[in-house]
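Chain by chain, the residues run as shown.
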Amino acid sequence: MKIKDLIIAGAGPAGLSAAIYGMRAGMDLAVIEKLAPGGQVMTTYEVENYPGFAEPVPGWELMSRMENQARRLGADIRSSQIEGFAWNDAEKYFRVALAGGEMLGARAVIAATGASLMKLGVPGEADFTGRGVSYCATCDAAFFREKVTAVVGGGNTALEEAIYLTKFSSKVYLVHRRDQFRGAKLLQQRVLENPRIVPVFDTVVTSINGELRVESVSTANKKTGEAGTIAVDGVFIFVGYQPNTAWLPRGILAANGEVIVDMHMRTTMPGLFAAGDLRKDSIRQIVAATADGATAALSAYEYLESL
Ligand SMILES: Cc1cc2nc3c(=O)[nH]c(=O)nc-3n(C[C@H](O)[C@H](O)[C@H](O)COP(=O)(O)OP(=O)(O)OC[C@H]3O[C@@H](n4cnc5c(N)ncnc54)[C@H](O)[C@@H]3O)c2cc1C
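Residues numbered from 1 in each chain as written. Predicted model: local features only at pLDDT ≥ 70, side-chain atom pairs only at ≥ 80, totals over all residues. Heavy atoms only, no water.

Quick look at the layout of surface pockets
(1) Moving on: Taken as a whole, the second largest pocket encloses approximately 190 Å³ of empty space.
(2) Moving on: Lining the second largest pocket are Ser17, Ile20, Tyr21, Tyr50, Phe53, Leu62, Arg65, Met66, Gln69, Thr290, Ala291 and Ala294.
(3) Moving on: Going through the elements one at a time, helix H1 (13–24), helix H2 (59–72) and helix H7 (286–306) are the ones with two or more residues in the lining of the second largest pocket.
(4) Moving on: Ranked by residues supplied to the lining of the second largest pocket, first place goes to H2 with 4 residues.
(5) Moving on: Residues that form the lining of the second largest pocket fall into these classes: 8 nonpolar, 3 polar and 1 charged. (1 Å grid on protein atoms, 1.4 Å probe; cavity = no way out; pocket = protein on both sides within 12 Å on 5 of 7 lines; lining within 4 Å. Points joined across faces, edges and corners; volume = space filled by probe spheres on them. Helix = DSSP H or I, 4+ residues; strand = E, 2+ residues; numbered from the N terminus. Nonpolar A, V, L, I, M, F, W, Y, C, P; charged D, E, K, R; others polar.)

The structure is reproduced here in structure tokens:
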């Protein structure tokens, strides 16, 4: 087996940025991506806060630019899923297991497998996923032209996606369990000024109901306990993230599954680095993920030089 300098797990903003910096440092590296390169940004309609773009840039365009930049520098981006890895102490390299039984070898690994949107965990959610329940407004909003939808959540992603949905839906209920939103002030202002968005504060969704498709959500007011029903055709859920770290050793993770790193993106396992949304204390933004990826690649370079 030919042993590479570096394997980067995941081709989202963190992984692609690590690949750009790794290639420029002269490392022999491979990036392993289980879906199409681009990560979560591929599900984002527009990005307004990534520096360098005076006008909002479509998520897919930003990511195809990052991918092309990495490929131009010679990065080997492969389509496969990393299932786990083990340290070979005798020969001092990581054996990385891919889906289908293939094995790769590398002296260093950067974990950049990001995070996935969390489920709400209420009755009806699983049954109606793809039939009215969605986790991606960019993908599914057009199915709800002139229909009524609900967005569940109150952070940046929920607010952005609710605004996007108003391009299609005639009315968007924005159901949040607290008495005010958590997202950026500018987004909050846009939401509150949008005549198609109806904020529903202090409220949780307790079930998603319907016959063949979604017809309503049942709600409960957190302060009064009062139960209610809102008639909707679709429900978009943005209630937090789950780090994609099941393939990593438990010993490097915090209790919530995020990877613990230092300021150099080093984990407690020598040669293993982590970057982006999967790490503890990340602000879960593209600009932070790309910065982490650059830091991790340069730290991996220093580590390889020290061997
Ligand atoms: C709807 C939505 C809107 C958003 N809007 C914005 C915004 O406007 N501005 C902003 O800054 N941020 C935004 N974000 C957040 C931003 O997308 C993330 O912070 C960023 O994508 C994190 O990058 P990452 O590389 O760490 O992880 P990800 O983007 O999650 O990329 C990880 C990659 O790893 C792959 N992967 C996972 N497991 C494996 C495995 N076992 N083997 C191989 N590959 C694997 C995944 O397929 C994925 O491509 C938004 C997120 C969402 C969901």
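Past the structure itself, the notes keep going.
Some words on a positive patch on the surface
(1) Moving on: A contiguous patch of positive charge on the surface is contributed by Arg177, Arg178, Arg182 and Lys222.
(2) Moving on: Tracing the chain through its elements places arginine 182 in the loop between strand S12 (171–175) and helix H6 (185–193).
(3) Moving on: Judged by its relative accessible area of 53%, arginine 182 is exposed. (Patch = residues over 30% accessible without salt bridge, like charges linked within 9 Å, V, L, I, M, F, W, Y side chains within 5 Å. Areas by Shrake-Rupley, 256 points an atom, 1.4 Å probe, with all protein chains shown as cover. Salt bridge = Lys/Arg side-chain N within 4 Å of Asp/Glu carboxyl O. Lys, Arg positive; Asp, Glu negative; His and termini not counted. Charge placed at Lys NZ, Arg CZ, Asp CG, Glu CD. Buried < 20%, exposed > 50% of the residue type's maximum accessible area, 1.4 Å probe, protein only.)

Observations regarding the nonpolar core
(1) Moving on: Core analysis: the largest hydrophobic core is formed by 57 residues, its most contacted members being Leu29, Val96, Ile110 and Leu248.
(2) Moving on: Ranked by the residues each element gives to this core, the list is headed by H7, at 7 residues.
(3) Moving on: Beyond its immediate sequence surroundings of up to four residues, isoleucine 110 is in contact with Leu6, Ile7, Ile8, Ala9, Ala18, Phe273, Ala275, Ala296 and Ala297.
(4) Moving on: Phe168, Leu174, Leu187 and Val191 belong to the second largest nonpolar core, which has 18 residues in total. (Core = buried A, V, L, I, M, F, W, Y, C linked by side-chain atoms within 4.5 Å. Contact = heavy atoms within 4.5 Å.)

Examining the sheet that holds strand S13 (residues 197–200)
(1) Moving on: If you trace the 5 strands from one edge of the open sheet to the other, you get S10-S17-S11-S12-S13, paired in parallel fashion. Of all strands in the sheet, those with a lone pairing partner are strand S10 (133–134) and S13, marking the two edges.
(2) Moving on: In this sheet, S13 lies alongside S12 in parallel orientation, the contact comprising 4 bridges. In the strand pairing of S13, leucine 174 is matched with proline 199. (Pairing = 2+ DSSP bridges.)

Digging into the side chain of glutamine 188
(1) Moving on: Of note, glutamine 188 is situated in helix H6.
(2) Moving on: The class of glutamine 188 is buried, set by a relative accessible area of 12%.
(3) Moving on: Once you skip the residues sitting within four places of it in the chain, glutamine 188 turns out to touch Leu159, Phe181, Arg182 and Gly183.

Re the pattern of salt bridges
(1) Moving on: Following the criterion strictly, the structure yields 13 salt bridges and no others.
(2) Moving on: A salt bridge links aspartate 202 to lysine 223; its shortest N-O distance comes to 3.6 Å. One end of the pair, aspartate 202, is in the loop between S13 and strand S14 (203–210); the other, lysine 223, is in the loop between strand S15 (214–221) and strand S16 (227–231), and 21 residues separate them in sequence.
(3) Moving on: Using a relative accessible area of 15% as the deciding quantity, one classes aspartate 202 as buried.
(4) Moving on: Here arginine 284 ties to glutamate 258 by a salt bridge, and the two come within 3.4 Å at their closest N and O atoms. With arginine 284 in the loop between strand S19 (272–274) and H7 and glutamate 258 in the loop between strand S18 (241–243) and S19, this pair connects stretches of sequence that are 26 residues apart.
(5) Moving on: On the basis of relative accessible area, arginine 284 is assigned to the partly exposed category, the value being 31%.

Considering the site of the ligand
(1) Moving on: Neighbouring the ligand are 31 residues, the closest being Glu33, Gln40, Asn49, Asp277 and Ile286.
(2) Moving on: Contacts to the ligand include glutamine 40, whose side-chain N or O atom sits 2.8 Å from an oxygen atom.
(3) Moving on: Residue glutamine 285 places a side-chain N or O atom 3.0 Å away from an oxygen atom belonging to the ligand.
(4) Moving on: In the complex, the protein chains occlude 96% of the 1,000 Å² of accessible area that the ligand would expose alone.
(5) Moving on: Those elements that provide at least two residues to the shell around the ligand are H1, strand S2 (29–33), helix H5 (156–165) and H7.
(6) Moving on: Split into classes, the residues belonging to the shell around the ligand amount to 11 nonpolar, 14 polar and 6 charged. (Near = heavy atom within 4 Å. Polar contact = N/O pair within 3.5 Å; in protein donor to acceptor, adjacent residues only side chain to side chain.)

Read these as geometric descriptors, not functional statements.
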